[in-house]
Amino acid sequence: MANLVLSEDTFGILLPYIKEKTITDIRWDGNNLWLDDLEKGRILTDIKLEESFINKFTSRLSDLANTNFNSSSPVLEAETDSLRIACLHPSVTNTGIAITIRKTEAECRLKDDQMIETGYCSEEMLEFLKQAVKARCSFVVTGDVGSGKTELVKKLMQSIPDSATTLTVEDNYELRAKALRPHFDCTEIKVTKNFPPKAAIKAALRQNTKWLMLSEARSTEAVELLEAASTGCSIATTVHAWDVRNIPDRFENMIGNTNNDVKNDVCTYFDIGILIVKKEGPDGIRRYIDQLCFYEHTEKGNNCYMILDEGKMVGNHLTDKIKERFRRADMKIPVMFEGDNNV
C-alpha cells in the first residue's frame, strides 16, 4: 500500500486532532468521536460527524487508494507518511461507517528524563536497558493494546549503533527507524498479502542482519523468528500476553507445538521479557514497566528470573548468557546486578 498525500481540507473538523501532538488515535464508532490522548487518556467528545463529511472522506480515500469501498469490499485501509486509516462499511456494521485514524509519526515519545520523572522506570534500569541493547541482548515486549509496546521497542532501537545492520518488519510503518536516524544502516520491510511475515523474516536474514525488529509476533511466523534468533541475530519484538512468565506459552500457542521445544527455544534465544502497563487515573494516564525478567534454558529446565514485578525490584539474578554478552561487548556488569538476591 503506497503512502497517500492528503491535503488538510480532507480532514475537515478532525484536523485540530490530527495536528494535536498528544493525541495518538481518533475513532468514529458510527455515533461518537473518541480520542486517545497521551496525557488525558480516552476522551469522549461531543462532536458528531456529518454523514456528508464521512461519505466525502471515505470517497476521497478510496479514490486515492484506487480501491472500492462498498458491500463487496467493506474494508478500506489507507496510509499517509504519518497516519494509518481504517474504515468499515455500514454493510458489515450495525452502527454506520466506522473510522479509525492512528498516528505513526517519526518521533520517539519516550525521553530519558520523562521516563525517570514519571516513574516509567528507574534511572538504573533505563541505563541497563541501553547497555543490554549494546550487548546484543534479545527482547520480547508485551502489554495490553495501547500500553506502548511499540514505543518501547522504538526507544530500545535508539541504542543500536548506526553501523549495525538492522531490518524492521512491519505491516504498518510505526517504528520509523530511518526517519528518526537517516544515517542508520536500516532497511524497513513492509509485510503484505504477497509478502507475509515468514517471507519477510527469511529475506531479512539474507541482508547480513545484526538486529531484526518485528513489530508484532502474532502467528506461525514465530517459527522463523526463533530460527532467526538461533543464527545469532538479535531480536526485538512485541507479543500479546498478560505476564512475562506467560511469553514462552504464548509462543507455543502461536506455533502450535506442544512438545516443549518452543519454550526451550524462547528461553534459549530470548534474554529479556518486559511487560508495559497503562493505568488511567484522575491525573491522567501513566505507563510504566510493570515486569521485567530474564529467560534461561539449562539442562535442568527453563527459568524465568523476575527482576521487576508490579513495578518493584524483586531480584537481581543476571543469567550467565547475559553476563557473556556483556563480556563479549567489553562492558561491565551493572552495579544493580552485583550479588544474587533473587526471590
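The structure displayed is predicted, hence computed values, not measured ones.

Draft legend 1. Looking closely at the layout of surface pockets. Put simply, the second largest pocket is a space of about 260 Å³. For the lining of the second largest pocket, the secondary structure elements donating two or more residues are helix 8 (222-230), helix 10 (261-269) and helix 11 (320-328). Among the elements that line the lining of the second largest pocket, the one with the most residues is helix 11, at 4 residues. Here the residues of the lining of the second largest pocket are counted per class, giving 4 nonpolar, 3 polar and 6 charged.

Draft legend 2. Broad picture of the sheet that holds strand 4 (residues 75-79). Strand order in the open sheet formed by 6 strands is 3-2-1-6-5-4, and the pairing between neighbours is antiparallel. A single partner strand is all that each edge strand has here, and the edge strands are strand 3 (41-44) and strand 4. Strand-to-strand twist of the sheet, defined as the mean angle between neighbouring strand axes without regard to direction, takes the value 15°. Note that strand 5 (residues 83-88) and strand 6 (residues 98-103) share 6 bridges and pair antiparallel.

Draft legend 3. Structural view of the environment of isoleucine 23. Inspection of the secondary structure assignment puts isoleucine 23 in strand 1 (residues 23-28). Isoleucine 23 sits in the buried class, given a relative accessible area of 5%. Between the C-alpha atoms of isoleucine 23 and glycine 301, which are 278 residues apart in sequence, the distance is 45 Å.

Draft legend 4. Geometry of the packing of helix 7 (residues 197-205) against helix 8. Where helix 7 meets helix 8, the closest approach of the two axes is 8 Å, and the angle between their N-to-C directions is 15°. Between helix 7 and helix 8, the crossing angle belongs to the class labelled roughly parallel. Note that helix 7 runs across helix 8; the crossing there is left-handed. On the side of helix 7, the interface is formed by Lys198, Ile201, Lys202 and Leu205, while helix 8 contributes Glu224, Leu225 and Ala228. Its residues assigned to classes, the contact of helix 7 with helix 8 shows 4 nonpolar, no polar and 3 charged.

Draft legend 5. Expanded view of the sheet that holds strand 8 (residues 166-170). Taken in spatial order, the 9 strands line up as 9-8-10-11-7-12-13-14-15 in an open sheet, and their pairing is mixed. Single-partner strands in this sheet number two, and they are strand 9 (186-190) and strand 15 (312-313). This element, helix 5 (residues 149-157), spans strand 7 (139-143), strand 8, strand 10 (211-214), strand 11 (234-239) and strand 12 (272-281) of the sheet and lies at about 155° to strand 7. Contacting strand 8, strand 9 and strand 10, helix 7 crosses the sheet at an angle of about 165° to strand 10.

Draft legend 6. Local environment of the nonpolar core. Within the largest apolar cluster, 41 residues are counted, with the highest numbers of intra-cluster contacts made by Phe128, Phe139, Ile272, Ile274, Ile289, Leu292 and Phe294. Looking at this core, the elements with two or more residues in it are helix 4 (123-134), strand 7, helix 5, strand 10, strand 12, strand 13 (284-298), strand 14 (301-309) and helix 11. With 6 residues, the single largest contributor to this core is helix 4. Phenylalanine 294 has contacts with Phe128, Asp271, Ile272, Asn303, Cys304, Tyr305, Ile307, His317, Leu318, Thr319, Ile322 and Phe337, leaving out every residue within four places of it along the chain. If you look at the next biggest cluster of nonpolar residues, it comprises 35 residues, including Val239, Ala241, Cys267 and Val277.

Draft legend 7. Just empty space enclosed by the protein, in detail. All told, the structure shown has 1 cavity of 30 Å³ or more when counted by the stated rule. Here the largest cavity defines a volume of roughly 50 Å³. What lines the largest cavity is simply Met115, Leu126, Leu129, Lys130, Val133, Leu152, Lys155, Leu156 and Ser159. When residues of the lining of the largest cavity are traced back to their parent elements, those giving at least two are helix 4 and helix 5. In terms of residue count, the dominant contributor to the lining of the largest cavity is helix 4 (4 residues). The class makeup of the residues in the lining of the largest cavity is 6 nonpolar, 1 polar and 2 charged.

Draft legend 8. Broad picture of the pattern of salt bridges. On inspection of all chains with the given rule, the structure shows 24 salt bridges. For aspartate 9, the salt bridge goes to arginine 60, with nearest N and O atoms at 3.3 Å. Placement of the pair is aspartate 9 in the segment before helix 1 (15-19) and arginine 60 in helix 2 (residues 51-65), with a sequence separation of 51 residues. In this structure arginine 60 comes out as partly exposed when scored by relative accessible area, which is 26%. A cluster of three or more residues bridged by salt bridges with shared partners is formed by Arg109, Glu151 and Lys154.

Draft legend 9. Quick peek at a negative patch on the surface. Together, Asp113, Glu117, Glu123, Glu124 and Glu127 give the surface a local cluster of negative charge. Elements represented by at least two residues in the negative patch include exactly helix 3 (112-117) and helix 4. Counting residues per element, the negative patch draws most heavily on helix 4, which supplies 3 residues. Mapped onto the elements of the fold, aspartate 113 is located in helix 3. A residue is classified by how much of its surface remains accessible, and aspartate 113, at 54% relative accessible area, is exposed.

Draft legend 10. The pairing of strand 6, seen in detail. The pairing of strand 1 with strand 6 spans 4 bridges and is classified as antiparallel. Looking across to strand 6, one finds that arginine 27 is bridged to threonine 100.

What counts, and where the lines are drawn
Residues numbered from 1 in each chain as written. Predicted model: local features only at pLDDT ≥ 70, side-chain atom pairs only at ≥ 80, totals over all residues. Heavy atoms only, no water. 1 Å grid on protein atoms, 1.4 Å probe; cavity = no way out; pocket = protein on both sides within 12 Å on 5 of 7 lines; lining within 4 Å. Points joined across faces, edges and corners; volume = space filled by probe spheres on them. Helix = DSSP H or I, 4+ residues; strand = E, 2+ residues; numbered from the N terminus. Nonpolar A, V, L, I, M, F, W, Y, C, P; charged D, E, K, R; others polar. Pairing = 2+ DSSP bridges. Axes fitted to C-alpha atoms, helices over the stretch in contact; angles between N-to-C directions. Buried < 20%, exposed > 50% of the residue type's maximum accessible area, 1.4 Å probe, protein only. Parallel < 35°, antiparallel > 145°, perpendicular 65-115°, else oblique. Left-handed = near helix turned anticlockwise from the far one by under 90°. Contact = heavy atoms within 4.5 Å. Core = buried A, V, L, I, M, F, W, Y, C linked by side-chain atoms within 4.5 Å. Salt bridge = Lys/Arg side-chain N within 4 Å of Asp/Glu carboxyl O. Patch = residues over 30% accessible without salt bridge, like charges linked within 9 Å, V, L, I, M, F, W, Y side chains within 5 Å. Areas by Shrake-Rupley, 256 points an atom, 1.4 Å probe, with all protein chains shown as cover. Lys, Arg positive; Asp, Glu negative; His and termini not counted. Charge placed at Lys NZ, Arg CZ, Asp CG, Glu CD.

No statement about biological role is implied by the geometric values presented.
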